[in-house]
Amino acid sequence: ARVYLQPAWPSTADNPAGHERSREAALKALELDSRMAGAHLVLSQIGRVHDWNFRQALTEARLALDLAPGDAEVLANASTNEFIFGRFTAAISLLERSISRNPLVLNKLLRLGLAHEFAGDYEQALIGYRQLLSLNPQYPGVYAYRARVKLAQAKPESALTESEQELDPFWRRYSQILALDALERFEKSNPLLEEMIRENSHNAPFQLAEIHAMRGEPELAFEWLERAVEQRDGGVSEILGNGFLARLHDDARWLDLISRIGLE
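Conventions we followed
Residues numbered from 1 in each chain as written. Predicted model: local features only at pLDDT ≥ 70, side-chain atom pairs only at ≥ 80, totals over all residues. Heavy atoms only, no water. Helix = DSSP H or I, 4+ residues; strand = E, 2+ residues; numbered from the N terminus. Rg over C-alpha atoms; globule rule 2.2 N^0.38 Å. Buried < 20%, exposed > 50% of the residue type's maximum accessible area, 1.4 Å probe, protein only. Areas by Shrake-Rupley, 256 points an atom, 1.4 Å probe, with all protein chains shown as cover. Lys, Arg positive; Asp, Glu negative; His and termini not counted. Charge placed at Lys NZ, Arg CZ, Asp CG, Glu CD. Salt bridge = Lys/Arg side-chain N within 4 Å of Asp/Glu carboxyl O. Contact = heavy atoms within 4.5 Å. Phe/Tyr/Trp six-rings, centres within 6.5 Å; stacked < 30°, edge-to-face > 60°. Lys NZ or Arg CZ within 6 Å of the ring centre and 35° of its normal. Polar contact = N/O pair within 3.5 Å; in protein donor to acceptor, adjacent residues only side chain to side chain. Expected span 1.5 Å × (residues − 1). Axes fitted to C-alpha atoms, helices over the stretch in contact; angles between N-to-C directions. Parallel < 35°, antiparallel > 145°, perpendicular 65-115°, else oblique. Nonpolar A, V, L, I, M, F, W, Y, C, P; charged D, E, K, R; others polar.

Side note on the overall build of the chain
Point 1. Secondary structure assignment for the chain yields 14 helices and zero strands.
Point 2. Scaling as 2.2 N^0.38, a compact globule of 264 residues should have a C-alpha radius of gyration of about 18 Å, and the chain matches this with 19 Å.
Point 3. Based on the C-alpha atoms only, the size of the chain along its principal axes is roughly 60 × 40 × 35 Å.
Point 4. In the chain, which comprises 264 residues, the share counted as buried stands at 51%.
Point 5. As displayed, the chain has an accessible area near 12,600 Å², and 51% of this comes from carbon and sulfur atoms.
Point 6. In the chain, 29 side chains carry a positive charge and 38 a negative one; their mean positions are 4 Å apart.

Here it is, written out as structure tokens:
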């Protein structure tokens, strides 16, 4: 089941998609041993990434956690699923336990910082990002995520400084747009946004929705959110508690969207 779930697994008309073969193998594993946490973990990942059945993914994640409460991967997966439903305190606790068991999986530190941001604990988010930078000063996205926090703290100049230190081209441009917009320097942010739409509309509709929502452009924001759902953009897992989308909450389309993706 784990092998089939890897992105590199070949998928053709004669060879079913990896996640379907993975599902079959995981269900067979549970037939043989109903207390196999790893099988529930795989089913949770399939539910979240491929089926977009977030409630089923959460159920499977909790079953895996009950069976293997000390497993770092099971803890991280459970954290991700609690995060999706806006349960940030639980998500932080689970992820901290996972990191304590396997402290060098750096993407967990990035996720922990985001969870603290969504929980409103901005200082703790920045502490986490400093820890990540101490381990890898060139880790992609970390300065962009620091810029997000500075914007939440109403420090747009500081956010721009953070964004300019970002080495990853996508995250650098994304965070620069947000910071420049907050500073109302649209003559600089507009060309960057045009570039982002031209180059990243296929893989970053959710981030484009964030930008337009922050700009006070709900029509465009909802257009990009709909595209994100259609494309099954993983960023949609960050829709609840997202401060950049707060301006959309009073719009009837917001509750409709949340309901359609199963997060009501």
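From this point on, the discussion continues.
Description of the side chain of E60
Point 1. Examined against the element boundaries, E60 turns out to sit in helix α3 (residues 54-67).
Point 2. Put simply, E60 is tucked away with no salt bridge, and the nearest opposite charge, on R23, sits 8.5 Å away.
Point 3. The contacts of E60, once residues within four sequence positions are left out, are H40, L43 and S44.

Details of the packing of aromatic side chains
Point 1. Scanning the model with the defined rule gives nine aromatic pairs in all.
Point 2. With a centroid separation of 6.1 Å and 90 degrees between ring planes, the pair formed by Y129 and Y145 is classed as edge-to-face. Residue Y129 is located in helix α7 (residues 122-135), and its partner Y145 is located in helix α8 (residues 142-152); the two are separated by 16 residues in the primary sequence. The pair Y129 / Y145 is uniform in exposure class, with both members buried.
Point 3. Taking the centre distance of 6.3 Å and the plane angle of 10 degrees together, the rings of F170 and Y174 count as stacked. One end of the pair, F170, and the other, Y174, are both in helix α10 (residues 169-182), four residues apart, so they sit about a helical turn from each other. The exposure classification of F170 matches that of Y174, with both residues buried.
Point 4. Clustering of aromatic rings is evident, with ring pairs tying together Y129, Y145, F170, W171 and Y174.
Point 5. The ring of F83 carries the charged tip of R111 above its face, separated from the ring centre by 4.8 Å.

Comments concerning the pattern of salt bridges
Point 1. Enumeration over the complete set of coordinates arrives at 19 salt bridges.
Point 2. Here R253 ties to E219 by a salt bridge, and the two come within 3.0 Å at their closest N and O atoms. Linking R253 in helix α14 (residues 252-260) with E219 in helix α13 (residues 218-230), this pair joins segments that are 34 residues apart in sequence.
Point 3. Residues R260 and D256 are paired through a salt bridge, measuring 2.9 Å at the closest nitrogen-oxygen approach.

Thoughts on the environment of R35
Point 1. Structurally, the position occupied by R35 is in the loop between α1 (18-32) and α2 (37-51).
Point 2. Here R35 falls in the exposed class, since its relative accessible area comes to 60%.

Some words on the side chain of K108
Point 1. Mapped onto the fold, K108 is located in helix α6 (residues 106-119).
Point 2. Despite being buried, K108 has no salt bridge partner; D71 is the closest side chain of opposite charge, sitting 7.7 Å away.
Point 3. Here the side chain of K108 touches S98 through a polar contact of 2.6 Å, side chain to side chain.
Point 4. Beyond its immediate sequence surroundings of up to four residues, K108 is in contact with A72, A76, L95, S98, I99 and N102.

What about α10?
Point 1. In a regular helix each residue adds 1.5 Å, so 14 residues correspond to 20 Å; α10 covers 20 Å between its end C-alpha atoms and thus fits that length.
Point 2. By the burial criterion, the buried members of α10 are F170, W171, R173, Y174, S175, Q176, I177, L178, A179, L180 and D181.
Point 3. Contacts made by the buried residues of α10 are with α8, α9 (156-165), α11 (186-200) and α12 (205-214).
Point 4. Between a side-chain oxygen at the N-terminus of α10 and the backbone nitrogen of F170 the separation is 3.1 Å; the capping residue is D168.
Point 5. Two residues or fewer past α10, E184 is found with a positive phi of approximately 60 degrees.

So, the packing of α13 against α14
Point 1. Closest axis-to-axis distance for the α13/α14 pair is 12 Å, and the angle between their directions is 5 degrees. With respect to α14, the axis of α13 lies roughly parallel. The segment α13 lies against α14, with P218, E219, F222, L225, E226 and V229 engaging R253, W254, L257 and R260.
Point 2. When grouped by side-chain class, the residues that make up the contact of α13 with α14 number six nonpolar, no polar and four charged.

No statement about biological role is implied by the geometric values presented.
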